[in-house]
Amino acid sequence: MTRVGQATEELDELQGQLERWAAAVYDGAATITGLRTMPGHVGRSFGFDVVHHGEVLDTLVLRMPAKDVRATGNTDVLRQIPLLQALRSSGVPVPEPRWWDEDEQWFGVPFTMVTRLAGDTLNVRAVARSKPASARTEVAIAFGQAVDALAKVHLVPWKQVLVGWEEPRQLDDEVRFWDHLLDTAAGAEWVPMGRAVRDRLLATIPGRPEIGVFHGDYQTSNLLYDNGVLVAVLDWEISGIGAQLLDLGWLLMMNDPASWFDGERLAIVPPFESLVTRYAKATGREVDLAEVAWYRALSGYRFGVISCFNVMLHRTGQRPDPEWDRIAPSVPYLFGRASELLGG
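Only a predicted model underlies this, so the values are computations on that prediction, with no experimental measurement involved.

## Digging into the overall build of the protein chain
Item 1. A tally of regular secondary structure across the protein chain gives 13 helices and ten strands.
Item 2. Relative to the 2.2 N^0.38 estimate, which gives 20 Å for 344 residues, the radius of gyration of the protein chain is 21 Å and therefore close to what a compact globule would have.
Item 3. Taken over the C-alpha atoms alone, the protein chain extends approximately 65 × 50 × 45 Å along its principal axes.
Item 4. By the burial criterion, 48% of the 344 residues in the protein chain qualify as buried.
Item 5. About 16200 Å² of surface is accessible on the protein chain, with carbon and sulfur atoms providing 51% of the total.
Item 6. Across the protein chain, 33 positive and 45 negative side-chain charges occur, with their mean positions spaced 5 Å apart.

Dropping the structure here:
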């Protein structure tokens, strides 16, 4: 757990490191303003401005792995650079990579810096609560853009532009990956529910999935909108090469009223069939609703297990975060909805 004093001390140290970096990269008159911690799933993320004689030259986000974590897989921030470049070349709205280096002389770890864009992520529940008259229309427009952007992600010619970047993940490996987390879950009553879903997933794995770039956490809290226009897909830490319908299943699961204890406000989301149809048209692929249901179930299982594990870390004091107490009542809903989608 990071205490307030520790966070302030880290920012003070980072301010000095960034000042030295800016003096070398820009010139000695460059200064750093507005340094602050940014949200992120893996490692550390900070926003700041580079100012030169009163003029803002760059508005950036710095990402670094934790100092005590080996940079591999999703903790390797540099692996995102070729991906972001490939995505931008394919017309996917993502932040522009500006600076990156494996040299640890500046911050003690490798780092990347991307352009920080203006806008806000979409909180469907908040929109439903604060804009009851226009919520359905606003959310429909946002989801349409989200599906169109996802199609662009999935059409990236990864075999040509990401040679050697990542080995494709198999679906059975994806299901089994979560076994060890489920075994250490909080809530003994949740574990058999999760295991039953796992077994059903393994017994019904779809054949010949479309393989390519996937985001891994494609949801509206990772989509940045500015005045209603989607300007960036954020947070590519857990991206990879594998079955792409996981992204569509994840987006639908995160907005499925039946998957959440407090899901009633998600009823303003467009009908899932229309979103699947739009995705199929944008990708030029035939997409079977029954197959999408399997990926929705996998997504519910994944987030159910993640929730179980993080609730355990919170309640045992290993990683306190009260947000998991809010999510905890949804665990049986996530597993129950996944079972229902699998015909259980």
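Next, the rest of the story.
## Some remarks on the confidence of the model for the protein chain
Item 1. The predicted model of the protein chain averages 93 in pLDDT, with 94% of residues at 70 or higher.
Item 2. Taken together, the stretch residues 1–5 has pLDDT below 50 and engages in three contacts with residues farther than four places along the chain or on a different chain.

## A closer look at the pattern of salt bridges
Item 1. Inspection of the entire model under this criterion finds 22 salt bridges.
Item 2. Across the pair Asp 49 and Arg 116 runs a salt bridge, and its minimum N-O distance is 3.0 Å. Highlighted residues: Asp 49 in strand 2 (residues 44–52) and Arg 116 in the loop between strand 5 (111–115) and strand 6 (120–121), separated in sequence by 67 residues. Pair check on accessibility: Asp 49 and Arg 116 agree, each one buried.

## With respect to the pairing of strand 5
Item 1. Here strand 5 lies mainly inside the structure; four of its five residues are buried.
Item 2. Looking at chain direction, strand 3 (residues 55–64) and strand 5 are connected through four bridges and run antiparallel. Following the sheet pairing, Leu 60 is matched in strand 5 by Thr 115.
Item 3. Where strand 4 (residues 97–101) meets strand 5, four bridges bridge the pair, whose relative direction is antiparallel. Of the residues in strand 5, the one forming a bridge with Trp 100 is Thr 112.

## Some words on the nonpolar core
Proteins that are soluble and globular tend to have nonpolar side chains buried together.
Item 1. Judged by nonpolar contacts, the single largest core of 85 residues is most densely connected at Leu 87, Leu 201, Phe 303 and Phe 335.
Item 2. Sequence-distant contacts of Phe 303, that is, excluding residues within four places in its chain, are made with Trp 250, Met 253, Met 254, Trp 260, Trp 324, Ile 327 and Leu 334.
Item 3. Counting residues in each nonpolar core, the second largest holds 18 residues, with Leu 14, Ala 22, Phe 48 and Phe 107 among its members.

## Describing the sheet that holds strand 5
Backbone-to-backbone hydrogen bonds join strands into a sheet, with any given pair of strands oriented parallel or antiparallel.
Item 1. Read from one edge to the other, the open sheet built from five strands follows the order 1-2-3-5-4, with strand pairing classed as antiparallel. Both outer strands of the open sheet, strand 1 (30–37) and strand 4, are each paired with one neighbouring strand and no more. Each adjacent strand pair in this sheet contributes to an overall mean axis angle of 25 degrees, direction not counted.
Item 2. Pairing of strand 2 with strand 3 involves nine bridges; the strand directions are antiparallel. Residue pairing across strands places Ser 45 opposite Arg 63, the latter belonging to strand 3.
Item 3. Along the sheet, helix 2 (residues 80–89) makes contact with strand 4 and strand 5, crossing strand 4 at roughly 160 degrees.

## Topic: the environment of Ala 146
Item 1. Among the secondary structure elements, Ala 146 is positioned in helix 4 (residues 135–154).
Item 2. Judged by relative accessible area, which is 1%, Ala 146 ranks as buried.
Item 3. When the C-alpha atoms of Ala 146 and Leu 223 are compared, they prove to be 7.6 Å apart, with 77 residues separating the residues in sequence.
Item 4. Apart from the residues lying within four places of it in its own chain, the contact partners of Ala 146 are Tyr 218, Leu 223, Tyr 225 and Leu 230.

## Quick notes on the packing of helix 4 against helix 10 (residues 272–283)
Item 1. Interhelical geometry of helix 4 versus helix 10 gives an angle of 40 degrees and a closest axis separation of 9 Å. In terms of axis orientation, helix 4 runs oblique to helix 10. Crossing of helix 4 against helix 10: the hand is right-handed. The residues of helix 10 that touch helix 4, namely those facing Phe 143, Gly 144, Gln 145, Val 147, Asp 148, Leu 150, Ala 151 and His 154, are Leu 275, Arg 278, Tyr 279, Ala 282 and Thr 283.
Item 2. For the contact of helix 4 with helix 10, the residue count by class is seven nonpolar, four polar and two charged.

## Comments concerning the side chain of Asn 310
Item 1. Inspection of the secondary structure assignment puts Asn 310 in helix 11 (residues 289–315).
Item 2. Taking the relative accessible area as the measure of exposure, Asn 310 reaches 13% and is therefore buried.
Item 3. Other than its neighbours up to four places away in sequence, Asn 310 contacts Arg 319 and Trp 324.

## Structural notes on helix 2
Item 1. Within helix 2, burial applies to Gln 80, Ile 81, Leu 83, Leu 84, Ala 86 and Leu 87.
Item 2. Residues of helix 2 that are buried make contact with strand 4, strand 5, helix 4, helix 5 (158–161) and strand 7 (211–214).
Item 3. Of the residues flanking the end of helix 2, it is Gly 91, one or two places downstream, whose phi is positive at about 85 degrees.

## With respect to helix 13 (residues 331–341)
Item 1. Considered for burial, the residues of helix 13 that qualify are Val 331, Leu 334, Phe 335, Arg 337 and Ala 338. An end-on view of helix 13 places all buried positions within 165 degrees of arc, on one side of the element.
Item 2. Where helix 13 is buried, its residues meet helix 7 (179–183), helix 8 (190–203), helix 9 (245–254), helix 11 and helix 12 (323–327).
Item 3. Remark: Gly 343 follows helix 13 within two positions and exhibits a positive phi of approximately 85 degrees.

Cut-offs and rules
- Residues numbered from 1 in each chain as written.
- Predicted model: local features only at pLDDT ≥ 70, side-chain atom pairs only at ≥ 80, totals over all residues.
- Heavy atoms only, no water.
- Helix = DSSP H or I, 4+ residues; strand = E, 2+ residues; numbered from the N terminus.
- Rg over C-alpha atoms; globule rule 2.2 N^0.38 Å.
- Buried < 20%, exposed > 50% of the residue type's maximum accessible area, 1.4 Å probe, protein only.
- Areas by Shrake-Rupley, 256 points an atom, 1.4 Å probe, with all protein chains shown as cover.
- Lys, Arg positive; Asp, Glu negative; His and termini not counted.
- Charge placed at Lys NZ, Arg CZ, Asp CG, Glu CD.
- pLDDT = per-residue confidence, 0-100.
- Contact = heavy atoms within 4.5 Å.
- Salt bridge = Lys/Arg side-chain N within 4 Å of Asp/Glu carboxyl O.
- Pairing = 2+ DSSP bridges.
- Core = buried A, V, L, I, M, F, W, Y, C linked by side-chain atoms within 4.5 Å.
- Axes fitted to C-alpha atoms, helices over the stretch in contact; angles between N-to-C directions.
- Parallel < 35°, antiparallel > 145°, perpendicular 65-115°, else oblique.
- Left-handed = near helix turned anticlockwise from the far one by under 90°.
- Nonpolar A, V, L, I, M, F, W, Y, C, P; charged D, E, K, R; others polar.
- Arc of directions from axis to C-beta.

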